[in-house]
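Chain residues, written in single-letter form:
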Amino acid sequence: MSNRHLITVEDVSNEDLDDIFRLAHDFKKEPRSHFGDLSGFVVALLFFEPSTRTYLSFGSAAQRLGAGLIGFTDPDRTSVAKGETLEDTIRVVQTFADIIVIRHPMSGAGKQAAALADVPIINGGDGANEHPTQTLYDLFTIDEIFGRIESLDVGFIGDLRYGRTIVSLSSFLSRFPNSLHFIGPEEFQIRTQLEHQLLGRGAKVVKHRRLADVIGELDILYVSRPQQERWTCGESLERLERVTPQAIDGSRPGLAVMHALPRTDELSVELDSDPRARYFHQVSNAVPVRTAVLLRSMRPE
Ligand code: NCD
């Protein structure tokens with residue numbers, strides 16, 4: 001994170017990750033341990049797309065550090081509705097805030113903002129492209145459960161084509177010796193560019209049609225919501241397999257079922273009481289990890 005922008009997981013080195021983990025552990029134990037460190041600073045949350053977790057957890061993280069908050073979740077009530085460009089919005093807001101968290105429906109929006117911003121930009125999700133801070137707390141959760149983020153068999157199921165959490169997480173995991181299993185029909189499989197990138201790094205990538213073909217081998221099953229807001233080719237919900245207690249029958253006892261949330265019908269509520277369900281544990285790490293991210297972005301070099 002040397003340039004202090006966080007646009008893609010490539011901006012996070014393995015040393016950065018260790019540091020984020022260390023800080024996030026502190027915040028889990030004592031959420032107010034750095035209260036006041038960002039006192040007098042202002043964090044702007046510019047959300048051009050719907051959000052619950054990312055918006056609120058960054059807001060909570062900023063306040064845990066004593067920072068002030070400005071922002072919006074409804075661009076239709078801002079000058080965007082008058083036709084203001086993203087560039088102009090960033091140029092303006094950076095004079096009001098010390099750090100900007102942006103979520104946008106367009107892939108590459110975070111990069112575009114970072115190219116002209118003088119303040120650190122954090123990508124809170126850009127189209128079907130990336131969601132790096134989600135990955136950071138996914139990895140933190142995996143490390144808590146397994147004590148490592150390598151030598152794991154990780155299955156990804158659901159909308160792998162348009163889910164940005166899949167891109168960022170699989171990409172980070174491919175730095176280490178992990179086996180990455182992508183489960184589902186061709187129209188929901190990962191995009192060719194991601195597959196090439198993973199293979200180019202020497203990752204073990206295996207595609208499966210059905211969950212039953214691989215469930216017994218997995219340490220983690222990461223479920224991606226159908227991203228219907230991005231569908232363009234007549235994709236059909238019926239083609240996606242649902243994750244239910246029956247569907248994970250035959251799994252390893254220590255399987256961790258993860259999901260970035262929000263879930264719709266792809267992940268059965270019947271799983272919630274199953275010890276293999278880890279998604280609410282996962283989301284409980286959003287604030288500690290994002291507090292660590294904000295603190296690091298604002299620290300003097
Ligand atoms: C994810 C996202 O926005 O990409 N949500 C989140 O931030 N937890 C997942 C999703 O919307 O499916």
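Everything below is about the structure printed above this text.
Because the structure is predicted, anything quoted here is derived from the model rather than measured. (Residues numbered from 1 in each chain as written. Predicted model: local features only at pLDDT ≥ 70, side-chain atom pairs only at ≥ 80, totals over all residues. Heavy atoms only, no water.)

## Let's talk about the sheet that holds strand β9 (residues 256-259)
Strands belonging to one sheet form pairs held by backbone hydrogen bonds; the direction of such a pair is parallel or antiparallel. The strand order across the open sheet built from five strands is β7-β6-β5-β8-β9, with neighbouring strands paired in parallel fashion. Every other strand in the sheet has two partners, leaving β7 (204-208) and β9 as the edge strands with one partner each. Within the sheet, the average angular offset between the axes of one strand and its neighbour, ignoring direction, is 20°. Bridging between strand β5 (residues 153-158) and strand β6 (residues 179-183) involves five bridges; their strand directions are parallel. Each residue of the ladder has a partner; that of I157, found in β6, is I183. (Pairing = 2+ DSSP bridges. Helix = DSSP H or I, 4+ residues; strand = E, 2+ residues; numbered from the N terminus. Axes fitted to C-alpha atoms, helices over the stretch in contact; angles between N-to-C directions.)

## Describing unusual backbone geometry
At the junction of L261 and P262, the peptide bond is cis and its omega measures out at 10° in the coordinates. Locating P262 in the fold gives a position in the loop between β9 and α8 (279-283). One non-glycine residue, S151, lies in the positive phi region at around 55°. Summarising the element assignment, S151 is placed in the loop between α5 (132-146) and β5. Judged by relative accessible area, S151 falls into the partly exposed class, the value being 45%. Of note, the phi angle at L261 is positive, near 65°, even though the residue is not glycine. (Buried < 20%, exposed > 50% of the residue type's maximum accessible area, 1.4 Å probe, protein only.)

## Observations regarding the packing of helix α2 (residues 53-64) against helix α9 (residues 286-298)
The geometry of a pair of packed helices is captured by two quantities: the angle between their axes and the separation between those axes. In contact at an axis separation of 8 Å, α2 and α9 are set at 60° when each is read in the N-to-C sense. By the angle class used here, α2 and α9 are oblique. Note that α2 runs across α9; the crossing there is right-handed. Contacts between α2 and α9 involve R53, T54, S57, F58, S60, A61, A62 and R64 from the first element and A286, V287, R290, T291 and L294 from the second. Residue composition of the contact of α2 with α9, by class: six nonpolar, four polar and three charged. (Parallel < 35°, antiparallel > 145°, perpendicular 65-115°, else oblique. Left-handed = near helix turned anticlockwise from the far one by under 90°. Contact = heavy atoms within 4.5 Å. Nonpolar A, V, L, I, M, F, W, Y, C, P; charged D, E, K, R; others polar.)

## Some words on the pattern of salt bridges
One pass over the full model with this rule turns up 17 salt bridges. For the salt bridge of E10 with R201, the shortest nitrogen-to-oxygen distance reads 2.7 Å. In this pair, E10 sits in the segment before α1 (14-29) while R201 sits in the loop between α7 (192-200) and β7, placing the two residues 191 residues apart along the sequence. Across the pair R22 and D19 runs a salt bridge whose closest N-O atoms are separated by 3.3 Å. Here the residue R22 and the residue D19 both occupy positions in helix α1, the gap between them amounting to three residues, near one helical turn. (Salt bridge = Lys/Arg side-chain N within 4 Å of Asp/Glu carboxyl O.)

## Focus: the site of the ligand
Within the structure, the ligand sits among R53, T54, R103, H131, Q134, R164, T165, R225, Q227, A260, L261 and P262. Taking T54, its side chain carries an N or O atom lying 3.0 Å from an oxygen atom of the ligand. Take Q227: an N or O atom from its side chain is 2.9 Å from an oxygen atom of the ligand. Burial of the ligand by the surrounding chains reaches 93%, relative to a free accessible area of 320 Å². Every element with two or more residues in the shell around the ligand is listed here: α2 and α6 (164-173). Here the residues of the shell around the ligand are counted per class, giving three nonpolar, five polar and four charged. (Near = heavy atom within 4 Å. Polar contact = N/O pair within 3.5 Å; in protein donor to acceptor, adjacent residues only side chain to side chain. Areas by Shrake-Rupley, 256 points an atom, 1.4 Å probe, with all protein chains shown as cover.)

## Side note on the environment of E187
Along the polypeptide, E187 turns up in the loop between β6 and α7. By relative accessible area, E187 is classed as partly exposed at 28%. Along the backbone, E187 and K111 are 76 residues apart, and their C-alpha atoms lie at a distance of 28 Å. Discounting residues that sit within four places of it in the chain, E187 has contacts with R161 and R239.

## Thoughts on the side chain of D274
You can see D274 is positioned in the loop between β9 and α8. Take D274: its relative accessible area is 17%, and that puts it in the buried class. Only 2.7 Å separates the side chain of D274 from the side chain of R276, close enough to count as a polar contact.

## Regarding α2
For α2, spanning 12 residues, the distance from its first C-alpha to its last is 16 Å, which sits close to the expected 16 Å at 1.5 Å a residue. Residues T54, S57, F58, G59, A61 and A62 constitute the buried set of α2. The inward-facing, buried residues of α2 abut β1 (42-47), β2 (68-72), β3 (99-104), β4 (121-126), α5 and α9. The first or second residue beyond α2 is G66, which carries a positive phi of 90°. (Expected span 1.5 Å × (residues − 1).)

## So, helix α3 (residues 86-93)
Within α3 the residues assigned to the buried category are L86, T89, I90 and V93. Down the axis of α3, the sector holding all buried residues measures 95°, keeping them to one side. Buried-residue contacts for α3 involve β1, β3, α4 (109-116) and β4. (Arc of directions from axis to C-beta.)

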